[in-house]
Amino acid sequence: MSNLGGPDRVGHHFSPVFYLSGWASPTVTVMRKVNGNVVVNNRYPGGTGFVPDGYRIDHVPEDVSQRLETAFMSPLDDGAAKELQAILSGDSAPRSAAQRSSWTRFVISLLFRHSEGVRVLKDHMQEMYAEAAKAIEPAHPGMKFIIHPAAPAIDASNMLADIIDNDRVGPTIFGMKWCVVNVPDAKHRLLTSDRPVVMPIGLDDAQAYIALPISPTKVFVAAYDDRFKRGLPDVNQNTIVKVMNRAVVAQGREYVWGTDNSQLEFVKKHFGTAPERPLITEAQRQEAIAAARGLGESNSAPVTPPASPTSLLS
């Protein structure tokens, strides 16, 4: 969380400072897509990878308006920052359940906490309330359906927290075999982006894996077996970096970060070329609409269940 120079303006980081700091010396090279063009500059980690008041909820007291950041994201990042330092240091001591949980939650959060994800959830909840209102009004002529202006945003914040703490995906990643792949001798350095988690196939597949660049020379990998720990040291480091960078850059939508701009042409070629992973599938949306309409017709509050990120599992 960064202060933007005023008491009411806060930068909510979807790419946390502790994570981007691995690419900084002392600044990180920012390659940002603006109106279709890639603009390059250098920023300190606290000055990039955020949305001003991205998680803020309007029309409520200040302590409530920032609650997703202060009560959920900040503690999540604090725990993950400690784990990242342990991982980067090569600490081979068995991780406690709490430590593994901290890192697992952070990895999941990177899939959903970006600015587009927050917008999608807010729009989704706004639509659910509108659908409930449309169901209530015909059944109760003359009744005015009043929605507190903060209600959709509050529900969206709760939904984001529930998705990150998902009780299906979390235990799956928690139970996988973890390792770190080192690529210090590669020609190029690893890049990262606003969609840095590489997961080519759903986690219900026995061959599934998750890969995340955690520094310019290290990749965190989670899989159901130890094939990456056994096999990747024999793979050419240049190949590993090229495959990772292509995936991370292709998934990126607004930001790619590196240690310098030496890979700018590569970034321009691949930036945003991968399809976006849907936060809420159309089937989930229709199910939620039906639930909202049903609750509206029963004159209950329009509360929709969180959309489980089932697309990660299949």
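Every chain is numbered on its own, with residues counted from 1 as its sequence reads. Predicted model: local features are reported for residues with pLDDT of at least 70 only, side-chain atom pairs are reported and counted for 80 or more only, and whole-chain, interface and lining totals are derived from all residues. The basis for every side-chain value is the complete set of non-hydrogen atoms in the structure, without hydrogens or water.

1. Re empty space enclosed by the protein
Picture a little ball the size of a water molecule; that probe, rolled over the atoms, points out where space is still empty. A 1.4 Å probe that fits but cannot get out identifies a cavity on a 1 Å grid over protein atoms alone, an open set with protein on both sides within 12 Å along at least five of seven lines counts as a pocket, and a residue lines either if it has an atom within 4 Å of a point. Grid points are joined across faces, edges and corners, and a volume is the space filled by probe spheres set on the points. Under the criterion given, the structure shown has 1 cavity of 30 Å³ or more. By volume, the largest cavity amounts to about 50 Å³. Working definition: helices are DSSP H or I runs of at least four residues, strands are E runs of at least two. Numbering for both runs from the N terminus. Looking at the lining of the largest cavity, the elements with two or more residues in it are α5 (115-139) and α6 (151-164). Side-chain classes are defined by residue name, with Ala, Val, Leu, Ile, Met, Phe, Trp, Tyr, Cys and Pro counting as nonpolar, Asp, Glu, Lys and Arg as charged, and the others, Gly among them, as polar. For the lining of the largest cavity, a count of residues per class yields 6 nonpolar, 2 polar and 1 charged.

2. Re the sheet that holds strand β9 (residues 218-223)
Pairing between strands is defined by DSSP: at least two bridges between them are needed. Read from one edge to the other, the open sheet built from 3 strands follows the order β6-β9-β8, with strand pairing classed as antiparallel. The open sheet terminates on both sides in strands that have one partner only, identified here as β6 (177-182) and β8 (209-215). Neighbour to neighbour, the strand axes of the sheet diverge by 25° on average, direction disregarded. With 6 bridges joining them, β6 and β9 adopt antiparallel strand pairing. Considered in β9, the bridge of Lys177 is made with Ala223. By definition in these notes, contact holds between two residues if any of their heavy atoms fall within 4.5 Å. Angles run from 0 to 180 degrees between N-to-C directions of axes, and those axes are lines fitted to C-alpha atoms, restricted for helices to the stretch in contact. With respect to the sheet, helix α9 (residues 237-251) is in contact with β6, β8 and β9, its orientation differing from that of β8 by roughly 100°.

3. A short note on the packing of helix α4 (residues 97-112) against α6
Interhelical geometry of α4 versus α6 gives an angle of 130° and a closest axis separation of 9 Å. If you check the angle between α4 and α6, you find them oblique. Once α4 is placed against α6, the crossing between them reads as right-handed. Contact residues: Arg105, Ile108, Ser109 and Phe112 in α4; Leu160, Ile163 and Ile164 in α6. Here the contact of α4 with α6 is built from residues that sort into 5 nonpolar, 1 polar and 1 charged. Angles below 35 degrees are treated as roughly parallel, those above 145 as roughly antiparallel, those between 65 and 115 as roughly perpendicular, and all remaining angles as oblique. With the far helix as reference, a near helix turned anticlockwise by less than a right angle produces a left-handed crossing, and one turned clockwise produces a right-handed crossing.

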